[in-house]
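# A closer look at the structure
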Amino acid sequence: MGKKDETLKEILDLILYENPSTQDEIAEKLGITRRYVTQLLQPLVKDGTVKRAYVIDLKSYEKFSDSLVDYSHSNTTENVLINDMLANMARHVHSQLEASFDAVLEYDESKANKALEMDFATNNMVEKIRTSVETIVNINKHSEFSKSILYTEIAYDLERIGDYCGHIAKFVINDIYKIDKTVMKNLKKMYKTAQNMIRLSITAFIEGKTELKEDLMELEESIHILQAKSINLIATQMAENSFDEKERSNYFIYLFRVIKAFERIGDISVEMIDVAVEFHDNIPRPTTPRTFR
């Protein structure tokens, strides 16, 4: 493969997996000039392989990739590409949750703001996946619409988790008190449990390992137990403080939001694995809301 083709491969991989917004961003990440990026992409933009918003037409991409030796793996398909995008988004959300909780652990407002900024990339990723899935459905008349749309549903679930990461980070920005050590001990456990639940649910969807649902349900039970323990501890602390202290009252409100955020991340992870079961095992999800089951 020539140098030009290698560079083009790097550009297309960057578009597929890192979701750049501009040609300037592509050039900066690859250490090449914007003019060279434009030169290489122009033919692909003209034939529709690359859209103006830097979304790749997956069908055209697959045909084009066949003309380049070693350009892509032989098993590259539309589903594999979307799965890669979902895996990349899940890794980003993992990092977003880690950054948010690190900000709480260190009570660092600058880290909290950086964690909140990560949500822009999360939102961009879900839009890229939505657009790519729509492209697949439009150009591949043999694709099963009901299953294709489940990819988008998983992406939206990851976006919702990103939103709750923001609730955790905002605790540092909104409040002036550090979290009690006893409560923090439970929050650390909830954080680790939530990270494991995200990992299991996305693995179940991408790799078809729906048997992981049993493990996930055990983790969900543990996160609810930790939630109850934390709420009881906070209720005791509230009883020992005067409600006339506005700042202290706000502290408890924001702390409840952090606990609720971890609980909701766990719930969303269960919803994701239910989607995985429907996708791979053709078992429809229950129509009854989870809170009433």
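Not measured: the values here are computed from a predicted model.

Calculation criteria
What you see as residue numbers is a count from 1 along each chain, following the sequence as written. Where local features are concerned, this predicted model is filtered to residues with pLDDT of at least 70; where side-chain atom pairs are given and counted, the filter is 80 or more; whole-chain, interface and lining totals use all residues. Side-chain measures here rest on the full set of heavy atoms in the structure, leaving out hydrogens and waters. Helix and strand assignments follow DSSP, with helices taken as H or I runs no shorter than four residues and strands as E runs no shorter than two, numbered in order from the N terminus. Only protein chains enter the calculation, and the probe is 1.4 Å; a residue is then buried if its accessible area is under 20% of its type maximum, exposed if over 50%, and partly exposed in between. Note on definitions: a residue-residue contact is assigned when non-hydrogen atoms from the two residues lie within 4.5 Å. Per-residue and other accessible areas were derived by the Shrake-Rupley procedure at a 1.4 Å probe size, with only the shown protein chains allowed to occlude residues. By definition, no residue in a patch forms a salt bridge, and every one has over 30% relative accessible area; like charges are joined within 9 Å, nonpolar side chains (Val, Leu, Ile, Met, Phe, Trp, Tyr) within 5 Å. For this document, the term salt bridge refers to a Lys or Arg side-chain nitrogen within 4 Å of an Asp or Glu carboxyl oxygen. Positive charge is attributed to Lys and Arg, negative charge to Asp and Glu, and no charge count is given to His or to the chain ends. A charge is said to be at NZ when it belongs to Lys, at CZ for Arg, at CG for Asp and at CD for Glu. Axis lines are fitted through C-alpha atoms, for helices just across the contact stretch, and the angle between N-to-C directions can take any value from 0 to 180 degrees. Every angle not falling under 35 degrees, over 145, or within 65 to 115 is termed oblique; those three ranges are roughly parallel, roughly antiparallel and roughly perpendicular. Crossing handedness is read from the near helix: turned anticlockwise from the far helix by less than a right angle, it gives a left-handed crossing, and turned clockwise, a right-handed one. By the convention adopted, Pro, Cys, Tyr, Trp, Phe, Met, Ile, Leu, Val and Ala count as nonpolar, Lys, Arg, Asp and Glu as charged, and the other residues, Gly among them, as polar. pLDDT is defined as a per-residue confidence score from the predictor, taking values between 0 and 100. Aromatic pairs are defined between Phe, Tyr and Trp rings, using the six-membered ring for Trp, whenever the two ring centres lie within 6.5 Å; interplanar angles under 30 degrees are classed as stacked, those over 60 as edge-to-face, and all others as tilted. Two N or O atoms form a polar contact when they lie within 3.5 Å of each other; inside protein one atom must be a possible hydrogen donor and the other a possible acceptor, and for residues adjacent in sequence the pair counts only when both atoms belong to side chains.

### Quick look at the overall build of the chain
Of the regular secondary structure elements, the chain holds 10 helices and zero strands. Here the chain holds 293 residues, and the buried ones make up 46% of them. Considering only intrachain contacts with a sequence separation of at least 6, the fraction spanning at least 24 residues in the chain is 74%. Carbon and sulfur atoms provide 50% of the accessible area of the chain, an area that totals close to 15200 Å².

### Brief notes about a negative patch on the surface
Together, Glu-211, Glu-214, Asp-215, Glu-218, Glu-221 and Asp-281 make up a negatively charged patch on the protein surface. Of all the elements, helix H9 (residues 213-239) adds the most residues to the negative patch, at four residues. By the secondary structure assignment, Glu-221 is in helix H9.

### What about the pattern of salt bridges?
As enumerated under the stated definition, the model contains 11 salt bridges in all. As a salt-bridge pair, Lys-213 and Asp-274 come within 2.6 Å of each other at their nearest N and O atoms. Highlighted residues: Lys-213 in helix H9 and Asp-274 in helix H10 (residues 246-281), separated in sequence by 61 residues. Asp-274 sits in the buried class, given a relative accessible area of 6%. For Arg-264, the salt bridge is made with Asp-267, and the minimal N-O distance between the two is 3.2 Å. Of this pair, Arg-264 and Asp-267 both sit in helix H10, separated by three residues, roughly a single helical turn.

### Side note on the packing of helix H2 (residues 23-30) against helix H3 (residues 34-46)
Interaxial distance between H2 and H3 falls to 8 Å at its minimum, and their mutual angle equals 110°. Judged by the angle between their axes, H2 and H3 are roughly perpendicular. Of the two elements, H2 crosses H3, and the hand of that crossing is right-handed. Where H2 approaches H3, its residues Gln-23, Asp-24, Ile-26 and Ala-27 are matched on the opposing element by Arg-34, Val-37, Thr-38 and Leu-41. Looking at the contact of H2 with H3 residue by residue, the class counts come to four nonpolar, two polar and two charged.

### Some words on the confidence of the model for the chain
Averaged over every residue, the pLDDT of the chain is 83; residues scoring 70 or more account for 81%. By mean pLDDT, helix H4 (residues 58-65) is the weakest element of the chain at 56, and helix H8 (residues 181-207) is the strongest at 95. Contacts from residues 66-76, a stretch scored under 50 in pLDDT, to residues over four places away or in other chains number 15 contacts.

### Some points on unusual backbone geometry
Even without being glycine, Tyr-107 reaches a positive phi, approximately 50°. Counting through the fold element by element, Tyr-107 comes out in the loop between helix H5 (78-106) and helix H6 (109-139). Of note, Asn-282 is a non-glycine position whose phi angle comes to about 55°, a positive value. You can see Asn-282 is positioned in the segment after H10. For Asn-282, a relative accessible area of 54% corresponds to the exposed category.

### Overview of the packing of aromatic side chains
What the rule picks out here adds up to eight aromatic pairs. Relative to Tyr-251, the ring of Tyr-177 has its centre 5.7 Å away and its plane inclined at 70°; by these criteria the two rings are edge-to-face. In this pair, Tyr-177 sits in the loop between helix H7 (145-174) and H8 while Tyr-251 sits in helix H10, placing the two residues 74 residues apart along the sequence. Overall, the relative accessible area of 23% leaves Tyr-177 in the partly exposed class. The class of Tyr-251 is buried, set by a relative accessible area of 1%. Here Tyr-251 and Phe-252 contribute two aromatic rings whose centre-to-centre distance is 5.1 Å and whose plane-to-plane angle is 65°, an arrangement assigned as edge-to-face.

### Thoughts on the environment of Glu-153
Looking at where Glu-153 falls in the secondary structure, it is placed in helix H7. Residue classification places Glu-153 among the partly exposed positions, given a relative accessible area of 27%. It is 9.5 Å that separates the C-alpha atoms of Glu-153 and Val-126, two residues lying 27 residues apart in sequence. Excluding residues within four positions of it along the chain, Glu-153 makes contact with Val-275 and Arg-285.

### Considerations on the side chain of Asp-119
Within the secondary structure, Asp-119 sits in helix H6. Although Asp-119 is buried, it makes no salt bridge; Lys-170 carries the closest opposite charge, 8.0 Å away. Polar side-chain contacts of Asp-119 include one of 3.1 Å to the side chain of Gln-96. Not counting chain neighbours up to four residues away, the residues in contact with Asp-119 comprise Gln-96, Gly-162 and Asp-163.

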